[in-house]
Amino acid sequence: MNSRKKDRFNLTNLAQYLYEEGRRPVVPLMGYPGLQLTGTTVKQNQFNHIVQFRSLSRLYDRFRPDAMFFLMDLSVEASALGLPVRFPLEETPSVEEHPVKSLEDLEKFENIDILGDGRVMVYLETLRHMKVALPCPVGAFVIGPLTLAGLLTGANEIAIKSLTEPDFFEGILQFSQRIILRYAQALSEAGADTLMVLEPTAVIFGPQQFRNHLAPLYRELVGVLDDLEITLHVCGDTTHLLKEMAQCGVSGLSLDSMVDFGKAAEIVGKDILLIGNISPIEMLQEKPQKIYSDTLQLLNTMREHPLFVLSTGCDLPQDVPFENIEAFFKAGREWTLSALKGIKDLAIHSQ
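Just so you know, these numbers come straight off a predicted model, no measurement behind them. (Residues numbered from 1 in each chain as written. Predicted model: local features only at pLDDT ≥ 70, side-chain atom pairs only at ≥ 80, totals over all residues. Heavy atoms only, no water.)

*Asks:* Sorry if this is basic, but what is going on with the UniProt feature "domain: Uroporphyrinogen decarboxylase (URO-D)" (unreviewed entry) in the chain here?
*Replies:* According to UniProt, the positions carrying the feature "domain: Uroporphyrinogen decarboxylase (URO-D)" (unreviewed entry) are residues 58-335. Helix and strand shares over residues 58-335 are 48% and 14% respectively, and the end C-alpha atoms of the span are 25 Å apart. (UniProt positions renumbered as here; feature names shortened; annotations may be inferred. Helix = DSSP H or I, 4+ residues; strand = E, 2+ residues; numbered from the N terminus.)

See below:
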């Protein structure tokens, strides 16, 4: 066994440990705000592991989160396969064409080992730097199989083909799963303590489609990467999927700001880690006082759920004001279960 695997302390461990101390882990999904500290561009960070690590390291030193992920990038695997990707200097990349229209079209990608790709190596090397240098659990992202299939054939097309061409749909999902597993295993060997699967396209599915087509793939990832914590992030209002998401084998769910976290906790039960869910748009646009009060409200809402990580509903934009990030951390650091209990006891005795 890789020696790094023996020392993993993941988000679930962290949440349980701090809960017993009456606190919560504070782990916003942030990376891009670090570019403000290094004066670098998005492209420089996504193509150079030293630049990306420096941005993340300075961000860590500024805020001291309880865990840290590398930059969120939904184009890494698609780019490694050779899909045409647009790389603006100051914006996140985007896949410009979706060339796979049949199973035969997949043949040209079958012999590509994505671990030979330069950008994949950037993220693996960034993770290695993080593992050595940061005194906290470190996390990585991989794209989900449905979302990668959508990049290969088009998001609207994949939704249609899931109904009209089931053989093609299953074939492209299985291909995507192989690519993701290859990358995920490399991230595990590079020292990831936790792995978040980014599956924004899943929000279009109903519970039965999720259960039949996606849950087996996530369960496979959990089984193959048996000592690596797997969490699942789906954008949008996933309330209709929460029960299925909680039963697909992953350790935790990262949920968007559209989801009522109190309701989510009731649906998934206390054994599922919940990560979230202050709005990134609110973090970008609101005043620090609003961020502080909303963060305290979320913490109070989740007071009965043991496995909870205070985070954002998705990745923070590059230009989020640092004052708002500071307000988020201030609320997260000041809130404790004991303080909340003291307020409750005072209210009871005063009646």
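Having put the structure on the table, let's press on.
*Asks:* I'm lost on the layout of surface pockets in this one. Help?
*Replies:* One water molecule sets the probe size; rolling that probe over the atoms shows where empty space is left. Counted as a void, the largest pocket has a volume near 300 Å³. If you trace the largest pocket, you find 16 residues lining it, with Met72, Asp73, Leu74, Thr92 and Asp315 closest to the centre. Estimated volume of the second largest pocket: approximately 230 Å³. In terms of lining, the second largest pocket is formed by 13 residues, of which the most central are Asn277, Ile278, Asp294, Gln297 and Leu298. Put simply, the parts of the chain that give the lining of the second largest pocket at least two residues each are helix 13 (261-268), strand 8 (273-278) and helix 15 (288-301). Residue contributions to the lining of the second largest pocket peak at four residues, all from helix 15. Classifying every residue of the lining of the second largest pocket by side-chain character gives four nonpolar, six polar and three charged. (1 Å grid on protein atoms, 1.4 Å probe; cavity = no way out; pocket = protein on both sides within 12 Å on 5 of 7 lines; lining within 4 Å. Points joined across faces, edges and corners; volume = space filled by probe spheres on them. Nonpolar A, V, L, I, M, F, W, Y, C, P; charged D, E, K, R; others polar.)

*Asks:* What am I meant to see in the pairing of strand 9 (residues 308-312) here?
*Replies:* Remark: a regular strand shows side chains that alternate across the two faces of the sheet. Burial analysis of strand 9 places five of its five residues in the buried class, which makes it a mostly covered element. The side-chain alternation of strand 9 yields two buried faces, one formed by Phe308, Leu310 and Thr312 and the other by Val309 and Ser311. Sheet analysis places strand 8 next to strand 9, joined by five bridges and oriented parallel. Looking at the pairing, Ile278 lines up with Thr312 of strand 9. (Buried < 20%, exposed > 50% of the residue type's maximum accessible area, 1.4 Å probe, protein only. Pairing = 2+ DSSP bridges.)

*Asks:* When you look at the packing of aromatic side chains in this model, what are you seeing that I'm missing?
*Replies:* Centre distance and the angle of the planes are the two values used to describe a pair of aromatic rings. Tallied over the entire structure, the rule returns ten aromatic pairs. An angle of 80° between the planes, with centres 5.9 Å apart, marks the rings of Phe328 and Phe329 as edge-to-face. We note that Phe328, like Phe329, is buried. The ring of Phe47 is capped by Arg119, whose NZ or CZ atom sits 5.7 Å from the centre of that ring. (Phe/Tyr/Trp six-rings, centres within 6.5 Å; stacked < 30°, edge-to-face > 60°. Lys NZ or Arg CZ within 6 Å of the ring centre and 35° of its normal.)

*Asks:* Which parts of the structure should I look at to understand the sheet that holds strand 9?
*Replies:* Sheets are built from strands that pair by backbone hydrogen bonding, the pairs being arranged parallel or antiparallel. Pairing within the open sheet is parallel, and its seven strands lie in the order 1-4-5-6-7-8-9. For this open sheet the edge positions go to strand 1 (68-69) and strand 9, each flanked by a neighbour on one side alone. Inspection of the sheet shows strand 6 (residues 229-234) paired to strand 7 (residues 252-255) by four bridges, in the parallel sense. Counterpart to His233 in the pairing with strand 7 is Ser254.

*Asks:* Whenever I open this one, the pairing of strand 4 (residues 138-143) confuses me. Can you help?
*Replies:* Within strand 4, six of the six residues are buried, which leaves it mostly tucked inside the rest of the structure. Side chains Val138, Ala140 and Val142 project from strand 4 onto one buried face, and the interleaved Gly139, Phe141 and Ile143 project onto a second face that is buried too. Two elements, strand 1 and strand 4, share two bridges in a ladder whose sense is parallel. Bridged to Met68 within strand 4 is Val138.

*Asks:* Mind showing me how you'd approach helix 8 (residues 145-153) here?
*Replies:* Helical geometry: 3.6 residues make up each α-helical turn, so side chains three or four residues apart lie on a common side. Here helix 8 lies mainly inside the structure; nine of its nine residues are buried. Residues Pro145, Leu146, Thr147, Leu148, Ala149, Gly150, Leu151, Leu152 and Thr153 constitute the buried set of helix 8. Phi turns positive one or two residues past the end of helix 8, at Gly154, with a value near 100°.

*Asks:* Just checking my understanding: could you explain helix 15 for this structure?
*Replies:* End to end, helix 15 covers 20 Å across 14 residues, agreeing with the expected 20 Å (1.5 Å per residue, within 8%). Among the structural elements, helix 13, strand 8, helix 14 (280-285), strand 9 and helix 16 (322-334) are those in contact with the buried residues of helix 15. (Expected span 1.5 Å × (residues − 1). Contact = heavy atoms within 4.5 Å.)

*Asks:* Where do I start with the side chain of Asn45 in this structure?
*Replies:* Secondary-structure assignment places Asn45 in helix 4 (residues 42-47). Looking at Asn45, the relative accessible area reads 0%, which means it is buried. A distance of 2.8 Å separates polar atoms of two side chains, one belonging to Asn45 and the other to Ser55. In this structure, Asn45 is in contact with Leu35, Thr40, Val51, Gln52, Ser55, Leu71 and Val122, ignoring residues within four places of it in sequence. (Polar contact = N/O pair within 3.5 Å; in protein donor to acceptor, adjacent residues only side chain to side chain.)

*Asks:* Could you clarify how one ought to interpret the packing of helix 5 (residues 49-63) against helix 7 (residues 118-133) in this entry?
*Replies:* Each pair of packed helices can be summarised by the angle the axes make with each other and by the distance between the axes. In contact at an axis separation of 8 Å, helix 5 and helix 7 are set at 40° when each is read in the N-to-C sense. With respect to each other, helix 5 and helix 7 are oriented oblique. Here the hand of the crossing between helix 5 and helix 7 comes out right-handed. Counted together, His49, Ile50, Gln52, Phe53 and Leu56 of helix 5 and Val122, Tyr123, Glu125, Thr126, His129, Met130 and Ala133 of helix 7 form the full contact between these two elements. Here the residues of the contact of helix 5 with helix 7 are counted per class, giving seven nonpolar, four polar and one charged. (Axes fitted to C-alpha atoms, helices over the stretch in contact; angles between N-to-C directions. Parallel < 35°, antiparallel > 145°, perpendicular 65-115°, else oblique. Left-handed = near helix turned anticlockwise from the far one by under 90°.)

*Asks:* Quick question: what am I supposed to make of the pattern of salt bridges here?
*Replies:* Where charged atoms from two side chains of opposite charge approach closely, those side chains can pair. According to the stated counting rule, one finds 15 salt bridges in the structure shown. Ionic pairing is found between Glu110 and Arg178, a salt bridge with its closest N-O pair at 3.3 Å. In this pair, Glu110 sits in the loop between strand 3 (94-95) and helix 7 while Arg178 sits in helix 10 (residues 166-189), placing the two residues 68 residues apart along the sequence. Relative accessible area serves as the criterion here: at 46%, Arg178 is assigned to the partly exposed category. Notably, a salt bridge pairs Lys131 with Asp193, separated by 2.7 Å at the nearest N-O pair. Taken together, the positions of Lys131 in helix 7 and Asp193 in the loop between helix 10 and strand 5 (194-198) put the pair 62 residues apart, joining distant regions of the chain. (Salt bridge = Lys/Arg side-chain N within 4 Å of Asp/Glu carboxyl O.)

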